[in-house]
Amino acid sequence: MATATLLQGMNDKQTEAVLATEGPVLIMAGAGSGKTRVLTHRIAYLIEEKHVNPWNILAITFTNKAAREMKDRVGRLLDAQAAQDVWVSTFHALCVRILRRDIEKLGYNRAFTIADPAEQLTLVKHILAELNYDPKQYDPKSILGTISNAKNDMLDPKAFEKQAGSLFQQVVAKVYTEYQRRLRSDQALDFDDLIMQTIILFQQDEETLKFYQTSSATFTLMNIRIPTKLSINWYTCWPLATKTSVLSAMLTRVSTAGAVPTLKTS
Ligand SMILES: Nc1ncnc2c1ncn2[C@@H]1O[C@H](COP(=O)(O)OP(=O)(O)OP(=O)(O)O)[C@@H](O)[C@H]1O
Ligand SMILES: [Mg+2]
């Protein structure tokens, strides 16, 4: 699609965002104001005008529904092969793909399974029973929530135990240690592990990190949806070389987002 057609009907700010291909860009705008339109047109512009390889573009969303929508809309702007080659994915699907390729370097089997929330809860209940803790006193869901927060803070069971203050946290530390041991021996990862282990993989294995930091690659495109309260969506565009920090940023709800230029499209 020609540039003129790609930009047709865009307002000034949308046009500016599509054309700003050098360096990071943060787009903040309200619901239904044309953010996805900017992102999809920006992807098409990068490919058609800047000759970026479609497979060097990563578009990240939080939900599968948003990923499907993005893929469909990119498909309407590009030829079928190019649209197929753009990597449109949720954070978790991205991490699964990265881990399926290289998780053996962390001692897991590449055929690892993913523990769903019901399985996580069953496991925590079993562990509580085995450790003789009353589930009425130590709510399994609260324990899982605390484990999840620990993983989001990149705290493994040992690190969590070290900083555990209250009695509850000390109990969580014991459960977390056993929970993680069981998951690992079952070659299973929970949703938080998908993110955490990907970051650990990038931190520990330079070869894997380099694989995703290809010098020919230009941009990583992120669609970060801050859930509920803020009711705004954040879309950022990062150099691909920062993919690891992008994953870390995701854990901190993109605390660095304020550091990049902001374009308001509405
Ligand atoms: N400048 C524009 N001129 C005409 N139509 C537009 C323009 N920008 C966006 N639209 C249309 O407005 C609708 C909403 O756009 P889009 O889905 O891109 O918004 P969004 O901000 O991503 O929405 P959501 O918050 O639901 O994700 C679409 O039908 C889109 O084609
Ligand atoms: Mg949208």
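Remember, it's a predicted structure, so these values are computed and weren't measured experimentally. (Residues numbered from 1 in each chain as written. Chains lettered and ligands numbered in written order. Predicted model: local features only at pLDDT ≥ 70, side-chain atom pairs only at ≥ 80, totals over all residues. Heavy atoms only, no water.)

**What to know about the packing of aromatic side chains**
Here is the rule we go by: Two rings from Phe, Tyr or Trp (for Trp, the six-membered ring) form a pair when their centres are within 6.5 Å of each other. A pair whose planes differ by under 30 degrees is stacked, one over 60 is edge-to-face, and the rest are tilted. Under the DSSP-based scheme used, a helix requires at least four consecutive residues in state H or I and a strand at least two consecutive residues in state E, with every element numbered from the N terminus. Exposure is judged per residue with a 1.4 Å probe applied to protein chains only, and the accessible area is read against the type maximum: over 50% gives exposed, under 20% gives buried, and values in between give partly exposed.
The tally for this structure, following the rule as stated, stands at four aromatic pairs. An angle of 75° between the planes, with centres 5.4 Å apart, marks the rings of Tyr 133 and Tyr 138 as edge-to-face. Taking the centre distance of 6.1 Å and the plane angle of 75° together, the rings of Phe 160 and Tyr 176 count as edge-to-face. Of this pair, Phe 160 sits in helix H9 (residues 157-163) while Tyr 176 sits in helix H10 (residues 167-185), and the two are 16 residues apart along the sequence. Owing to a relative accessible area of 4%, Phe 160 belongs among the buried residues under this scheme. Assessed through its relative accessible area of 1%, Tyr 176 is described here as buried.

**Things to note about helix H2 (residues 12-19)**
To be explicit about the condition: By definition, the arc is the one covered by directions from the helix axis to the C-beta atoms. The definition of a polar contact used here is a pair of N or O atoms within 3.5 Å, where within protein one atom must be able to donate a hydrogen and the other to accept one, and adjacent residues in sequence count solely through side-chain atom pairs.
Along H2, the positions that sit buried rather than exposed are Gln 14, Thr 15, Ala 17 and Val 18. Buried residues along H2 cover an arc of 160° about the axis, so they all sit on one side. Between the side-chain oxygen at the start of H2 and the backbone nitrogen of Lys 13 there is a gap of 3.1 Å, and the oxygen is on Asn 11.

**Observations regarding the site of ligand 1**
Worth spelling out the cut-off: Here a residue is near a molecule or strand as soon as one of its heavy atoms is found within 4 Å of it. In short, Shrake-Rupley with a 1.4 Å probe defines the accessible areas, and a residue's cover is counted only from the protein chains shown. The nonpolar class holds Ala, Val, Leu, Ile, Met, Phe, Trp, Tyr, Cys and Pro. Asp, Glu, Lys and Arg form the charged class, and all remaining residues, Gly among them, are polar.
Neighbouring ligand 1 are 15 residues, the closest being Gly 9, Gln 14, Lys 35, Thr 36 and Arg 37. Between Gly 9 and ligand 1, the recorded distance is 2.6 Å, taken from a backbone N or O atom to a nitrogen atom. A distance of 2.8 Å is found between an oxygen atom of ligand 1 and a backbone nitrogen or oxygen belonging to Arg 37. Relative to its free-state accessible area of 630 Å², ligand 1 is covered by the protein chains to the extent of 61%. With three residues, helix H3 (residues 35-48) is the single largest residue contributor to the shell around ligand 1. In terms of residue class, the shell around ligand 1 is made up of two nonpolar, nine polar and four charged.

**Concerning the nonpolar core**
For the record, the criterion: Only buried residues count toward a nonpolar core. Its members are Ala, Val, Leu, Ile, Met, Phe, Trp, Tyr and Cys residues joined through side-chain atoms within 4.5 Å. Contacts: residue pairs with any heavy atoms within 4.5 Å of one another.
Ile 143, Val 175 and Tyr 179 are the most contacted members of the largest nonpolar core, which totals 45 residues. Listed by contribution, the elements that provide at least two residues to this core are strand E2 (58-61), helix H6 (91-102), helix H7 (117-130), helix H8 (140-152), H10, strand E5 (188-189), helix H11 (191-204) and helix H12 (206-212). With residues near it in sequence (within four places) discarded, Tyr 179 still touches Gln 120, Leu 123, Val 124, Ile 127, Leu 144, Ile 147, Lys 151 and Asp 190. Counting residues in each nonpolar core, the second largest holds 26 residues, with Ala 17, Val 18, Leu 46 and Ala 83 among its members.

**Considerations on the pattern of salt bridges**
Two side chains that carry opposite charge are able to pair once their charged atoms sit near each other. Put simply, the rule reads: The term salt bridge refers to a pairing of a side-chain nitrogen on Lys or Arg with a carboxyl oxygen on Asp or Glu at a separation within 4 Å.
Following the criterion strictly, the structure yields ten salt bridges and no others. The partner of Lys 105 in a salt bridge is Asp 102, with the nearest N and O atoms 3.1 Å apart. Overall, Lys 105 belongs to the partly exposed group, its relative accessible area being 38%. One salt bridge in this structure joins Lys 151 and Asp 193, with 2.9 Å as the shortest N-O distance. Remark: Asp 193 occurs in helix H11 and Lys 151 occurs in helix H8; sequence separation between them is 42 residues. A single burial state applies to Lys 151 and to Asp 193, both of which are buried. A network of salt bridges, in which partner residues are shared, links Arg 101, Asp 102, Lys 105 and Asp 205.

**Overview of the confidence of the model for the protein**
Spelled out, the test is: Confidence scores here are pLDDT values: one per residue, from the predictor, ranging 0 to 100.
Confidence in the prediction of the protein, expressed as mean pLDDT, is 81, and 79% of residues score 70 or more. Note on residues 215-220: pLDDT is under 50 here. Beyond four places in sequence and across chains, it has 26 contacts. Counting interchain partners and residues more than four positions distant, the pLDDT-below-50 stretch residues 224-266 has 116 contacts.

**Here we look at the side chain of Gln 180**
Of note, Gln 180 is situated in helix H10. A relative accessible area of 12% means that Gln 180 is categorised as buried.

**Description of H8**
Here is the rule: Expected span, for any helix, means 1.5 Å times one less than how many residues it has.
End to end, H8 covers 18 Å across 13 residues, agreeing with the expected 18 Å (1.5 Å per residue, within 8%). Every buried residue belonging to H8 is among Pro 140, Ile 143, Leu 144, Thr 146, Ile 147, Ala 150 and Lys 151, and all of these are buried. When H8 is viewed along its axis, its buried side chains cluster within an angular range of 160° and face the same direction. In this structure, the buried residues of H8 make contact with H7, H9, H10 and H11. Just beyond H8, the residue with positive phi is Met 154, at close to 60°.

**Points about the packing of H8 against H11**
Let me state the cut-off plainly: All axes here are fitted lines through C-alpha atoms, helices being fitted over the stretch that makes contact, and every angle between N-to-C directions spans 0 to 180 degrees. Each angle gets one of four labels, with under 35 degrees taken as roughly parallel, over 145 as roughly antiparallel, 65 to 115 as roughly perpendicular, and the rest as oblique. Each helix crossing is assigned a hand: it is left-handed if the near helix lies turned anticlockwise from the far helix by less than a right angle, otherwise right-handed if that turn is clockwise.
Remark: H8 packs on H11, axes separated minimally by 9 Å, with the N-to-C direction vectors making an angle of 15°. When the interaxial angle is binned, H8 and H11 end up roughly parallel. For the element pair H8 and H11, the recorded crossing hand is left-handed. Contacts between H8 and H11 involve Ser 148, Lys 151 and Asn 152 from the former and Asp 192, Asp 193 and Met 196 from the latter. In terms of residue class, the contact of H8 with H11 is made up of one nonpolar, two polar and three charged.

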